[in-house]
Number of protein chains: 2
Amino acid sequence: MVTMRDVAERANVSIATVSFVLNGTKRVAPATRARIEAAIEELNYRRNVVARALASSRTRILALLHPDLESRPNATVIQFVMGAAHGARERGYDLVLWPVNDDEQMSHLLAGGLVDGVLLMEVQIRDSRVERLLSSGVPFVLIGRTENDDLPYVDIDFATTIHQAVEHLRSYSHRNIALVTQRTKASPGNEPGRIMRVESAYLGAIAPLGGRPAVITVEGTSAGGREAASTLHTDFPEATAVILVNEGASAGLAKGVRALGRTVPEELSIISAATTHEFGEMIEPALTVMAAPAPELGRLAADALVDQLEGVPASPHVLIPCTLVPGQSVGPAHL
Amino acid sequence: MVTMRDVAERANVSIATVSFVLNGTKRVAPATRARIEAAIEELNYRRNVVARALASSRTRILALLHPDLESRPNATVIQFVMGAAHGARERGYDLVLWPVNDDEQMSHLLAGGLVDGVLLMEVQIRDSRVERLLSSGVPFVLIGRTENDDLPYVDIDFATTIHQAVEHLRSYSHRNIALVTQRTKASPGNEPGRIMRVESAYLGAIAPLGGRPAVITVEGTSAGGREAASTLHTDFPEATAVILVNEGASAGLAKGVRALGRTVPEELSIISAATTHEFGEMIEPALTVMAAPAPELGRLAADALVDQLEGVPASPHVLIPCTLVPGQSVGPAHL
DNA sequence: CTGAAAGCGCTTACAG
DNA sequence: CTGAAAGCGCTTACAG
């Protein structure tokens, strides 16, 4: 293994000077710099990141703390993850995956000093992991929000997204619009913040339409989607359109609706929000979606975290709405 | 920050002894050990992984080298990734994500000394990244195989999978079975090994049936699936069943077939191999799938790599077939 | 069974 | 502009 000492010897300088040119932390005479760069090139030297981390007490590793994505991966979540990995890499950082469930284990990981900062996914309204992060002193950025809006976060702008979805449906004369969200294992009142925000945005957006609010909450599975279809059918027969914020249930809903003898979009229009265009296309009929800015948000989350670590003044709050991508699941309301 | 020195002082021993009990590397008197453990507990000490890495020249970090998963994530690939992350964590290792495309950048990363070993995804028949790994001396495990079967790998047993799929169709009296695989950007003759293996398994399996071989290669997208449907329709009208090894195209194929006026499974049976049950369920009709053992393989890949790093004698070759999960897309052949 | 000490390969005040 | 040296927090022969 070639070390900084080898480079220093070859260039006839001290290792300190080598370090200075490598990091650009101090002015070095051009001739000296040239000698050092030549030596680095000739020896094909690459600085040891572990030694650097120990000496500088900065590992340049970021952790992505996520729930168990093993069993039921979700297209949008993955785009977050990959966006974050790319964003980190571009800033010279590495991203480690931490599939951590209990926050006890999390404290242990944080205390190990492996990571400079943490990205936290699937944030709940009240999230004990956030408390752990706060008390650990490790910098972090949330992907999602708690009830405390002051913490640094990056999130989908659900309010705008839902308003745009309602607006789109309204332009097709829909007045009775239902909402389907996702049930989680979290204790009631402590769901992911997104669910709460989506509901209140929905209630606000449909109020002017005069229709009866219809909120249905199901699991993010095909079965959940079918359940939503039948609940819709029996409890809210007046609804002519539905907005879905439940990627996993979207296919099941479309199938379930048709199984009940209703056609899409003639008898029921569907918009699936916070999902991907590709995902919507797979379904029959191709769903009109509000595509989540997930790759971008993942990247921005990593960026915001690195900014924070490097003292770059940056806005700790990023909010981006989904983008409407018309498919074939929205049509005029039948009155 | 509480260090090993603090623990040593509190327990009235040297830091070496603390290290011995922490690592279990040397016999320590029970009384001494108890004092040390108490001190660790009281101080809530957690050993610094970076210092440990530098001193032991083992970082306990694994890298997962994968292609760009940002744009078009695939349910199965993600299960690999998450399986590997879990597997690593269970063995006390961390997994970093390396979205690396050119192998130049890869060499740089390898030389930095950050990782003890590498997991390589999307392996090609001839893969320059494997050469880089070999010459870097960093231990690795492939997820997939090159033409050289001697390297340590973990892979889906495509031969068995395809044979079982053909057998299943045969039990429904199908004799003319087509195959749809995935087109990649890789140079011809250097596709992912899976494509080659799937094709030859297919040819071997259908030979006894006497039907004309029908291999269609399309992109892993909805458009690709529709293209496959029309190619099938015009070029291989005799086919009564199709085996798909192209998750991204499966929804498009099902749609495309119906758009051409053929019903599934009455007029065409479909099996989608190397995908997930959940994914198949989303499609109309719910596809009969050969579910990939992806979470398991990801975990086993991490396990095999850790075994290798820790000198545990282990089989470097793991091959697991997909599991048949009947859906509604396979029916009797119409003759 | 335990300890003193060298060493892992860097960074970073501090001096000059 | 450059260098000598301490130090980051561990592990690990080596002695005793």
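All chains use their own residue numbering, which begins from 1 and follows the written sequence. Chains and ligands are labelled sequentially in the order written, the chains with letters from A and the ligands with numbers from 1. Given that the model is predicted, a residue must reach a pLDDT of at least 70 before its local features are reported, and side-chain atom pairs must reach 80 or more before they are shown or counted; all residues, however, enter totals for whole chains, interfaces and linings. Excluded from the side-chain calculations are hydrogens and water; all other atoms, namely the structure's heavy atoms, are used.

Looking at an unreviewed UniProt entry, one finds chain A named LacI family DNA-binding transcriptional regulator, with Nonomuraea insulae as its source organism.

1. Quick look at the overall build of chain A
Under the convention used in this document: Per the convention used, a helix needs a DSSP run of H or I reaching at least four residues, while a strand needs a run of E reaching at least two, with both numbered from the N terminus. In this setup the radius of gyration rests on C-alpha atoms only. A globule is expected at 2.2 Å times the number of residues raised to 0.38. Should any heavy atoms of two residues lie within 4.5 Å, those residues are counted as being in contact. Here the accessible surface of atoms and residues is derived via Shrake-Rupley with a 1.4 Å probe, and residues count as covered only by protein chains that are part of the display. The sign given to each residue is positive for Lys and Arg and negative for Asp and Glu; His and the chain ends receive no count. Taken as the charge centre is NZ of Lys, CZ of Arg, CG of Asp or CD of Glu, depending on the residue.
Secondary structure assignment for chain A yields 13 helices and 12 strands. Taken over C-alpha atoms, the radius of gyration comes to 25 Å for chain A, far larger than the 20 Å a tight globule of 335 residues would show. Based on the C-alpha atoms only, the size of chain A along its principal axes is roughly 85 × 35 × 35 Å. Contacts in chain A between residues at least 24 apart in sequence constitute 70% of all its contacts with a sequence separation of at least 6. Carbon together with sulfur atoms contributes 52% to the accessible area of chain A, which is approximately 13,700 Å² in total. Averaging the locations of the 30 positively and 38 negatively charged side chains of chain A gives two centres separated by 5 Å.

2. Thoughts on the interface of chain A and chain B
Stated precisely, the cut-off is as follows: Buried area: the sum, over both parts, of the accessible surface (1.4 Å probe) that disappears when the two are put together. Between Lys or Arg on one side and Asp or Glu on the other, a salt bridge is scored when a side-chain nitrogen of the former is within 4 Å of a carboxyl oxygen of the latter. Each polar contact in these results corresponds to two N or O atoms within 3.5 Å; when the atoms are within protein, one needs to be able to donate a hydrogen and the other to accept it, and residues that are neighboring in sequence are counted only if both atoms are side-chain atoms.
Taken together, the contacts link 51 residues of chain A with 51 residues of chain B. Both sides of the chain A and chain B interface together cover about 4,700 Å² of buried area, and 64% of this is carbon and sulfur. Inspection of the region where chain A meets chain B yields 2 salt bridges. Among the ionic pairs, Arg258(B) bridges to Glu284(A), the shortest N-O distance being 2.6 Å. Applying the counting criterion to the chain A and chain B interface returns 14 residue pairs in polar contact (both at pLDDT 80 or more).

3. Structural notes on unusual backbone geometry
Omega for the peptide link from Val264(B) to Pro265(B) comes to 5°, which places this bond in the cis form. With respect to the secondary-structure elements, Pro265(B) resides in the loop between helix 11 (247-259) and strand 9 (269-275). Unusually for a residue other than glycine, Glu122(A) sits at a positive phi of about 55°. Along the chain, Glu122(A) falls in the loop between strand 3 (117-120) and helix 7 (128-136).

4. Quick look at the packing of helix 1 (residues 4-11) of chain A against helix 2 (residues 15-23) of chain A
Residue and element names in this part refer to chain A. We apply this condition: Note on geometry: axes are lines fitted to C-alpha atoms, helical ones only across the stretch in contact, with angles between N-to-C directions running from 0 to 180 degrees. Orientation is classified from the angle alone, with under 35 degrees giving roughly parallel, over 145 giving roughly antiparallel, 65 to 115 giving roughly perpendicular, and any other angle giving oblique. Classes in brief: Ala, Val, Leu, Ile, Met, Phe, Trp, Tyr, Cys and Pro nonpolar; Asp, Glu, Lys and Arg charged; the others, Gly included, polar.
It is at 8 Å that the axes of helix 1 and helix 2 come closest, and there the two elements cross at 105°. Judged by the angle between their axes, helix 1 and helix 2 are roughly perpendicular. The residues of helix 2 that touch helix 1, namely those facing Met4, Arg5, Val7 and Ala8, are Ile15, Val18, Ser19 and Leu22. Here the contact of helix 1 with helix 2 is composed, by residue class, of 6 nonpolar, 1 polar and 1 charged.

5. Thoughts on the sheet that holds strand 6 (residues 177-182) of chain A
Residues and elements named next belong to chain A. Note the threshold: A pair of strands is treated as paired once DSSP finds two or more bridges between them.
The strand order across the open sheet formed by 6 strands is 7-6-8-9-10-12, and the pairing between neighbours is mixed. Of all the strands in the sheet, the pair left with one neighbour each is strand 7 (215-218) and strand 12 (323-325). Taking the axes of each pair of neighbouring strands and ignoring which way they run, one obtains an average angle of 20° across the sheet. Pairing between strand 6 and strand 8 (residues 241-244): 4 bridges, direction parallel.

6. As for the protein's contact with DNA strand C
Applied cut-off: We define proximity as follows: a residue is near a molecule or strand when any one of its heavy atoms falls within 4 Å of that partner.
Residues in close proximity to DNA strand C total 28 residues, the closest being Ser19(A), Tyr45(A), Arg27(B), Ala29(B) and Thr32(B). Restricting attention to atoms of DNA strand C within 4 Å of the protein, one finds that 66% of them are sugar or phosphate atoms. Between DNA strand C and Met4(A), the relevant distance is 2.9 Å, taken from a phosphate oxygen to a main-chain nitrogen or oxygen of the residue. Elements represented by at least two residues in the surface near DNA strand C include exactly helix 2 and helix 4 (49-56) of chain A together with helix 2 (15-23) and helix 4 (49-56) of chain B. With 5 residues, the single largest contributor to the surface near DNA strand C is helix 2 of chain A. In terms of residue class, the surface near DNA strand C is made up of 14 nonpolar, 9 polar and 5 charged.

7. A short note on the protein's contact with DNA strand D
The environment of DNA strand D is formed by 28 residues, the closest being Arg27(A), Ala29(A), Thr32(A), Ser19(B) and Tyr45(B). Protein-proximal atoms of DNA strand D, defined as those within 4 Å of the protein, fall in sugar or phosphate at a share of 66%. Within the residue set of the surface near DNA strand D, elements represented by two or more residues are helix 2 and helix 4 of chain A together with helix 2 and helix 4 of chain B. Among the elements that take part in the surface near DNA strand D, helix 2 of chain B stands out by supplying 5 residues, more than any other. Here the surface near DNA strand D is built from residues that sort into 14 nonpolar, 9 polar and 5 charged.

8. Looking at the sheet that holds strand 4 (residues 140-143) of chain B
Strand pairing within a sheet occurs via backbone hydrogen bonds; the two strands may be parallel or antiparallel. Spatially, 11(A)-5(A)-4(A)-3(A)-1(A)-2(A)-2(B)-1(B)-3(B)-4(B)-5(B)-11(B) is the arrangement adopted by the 12 strands of the open sheet, whose pairing is mixed. On the outer flanks of this sheet lie strand 11 (317-320) of chain A together with strand 11 (317-320) of chain B, each paired with one strand and no other. Sheet twist, expressed as the average angle between the axes of neighbouring strands with direction ignored, equals 20°. The sheet contact formed by strand 3 (residues 117-120) of chain B and strand 4 of chain B spans 3 bridges and is parallel. Counted as the bridge partner of Val118(B) is Phe140(B) from strand 4 of chain B.

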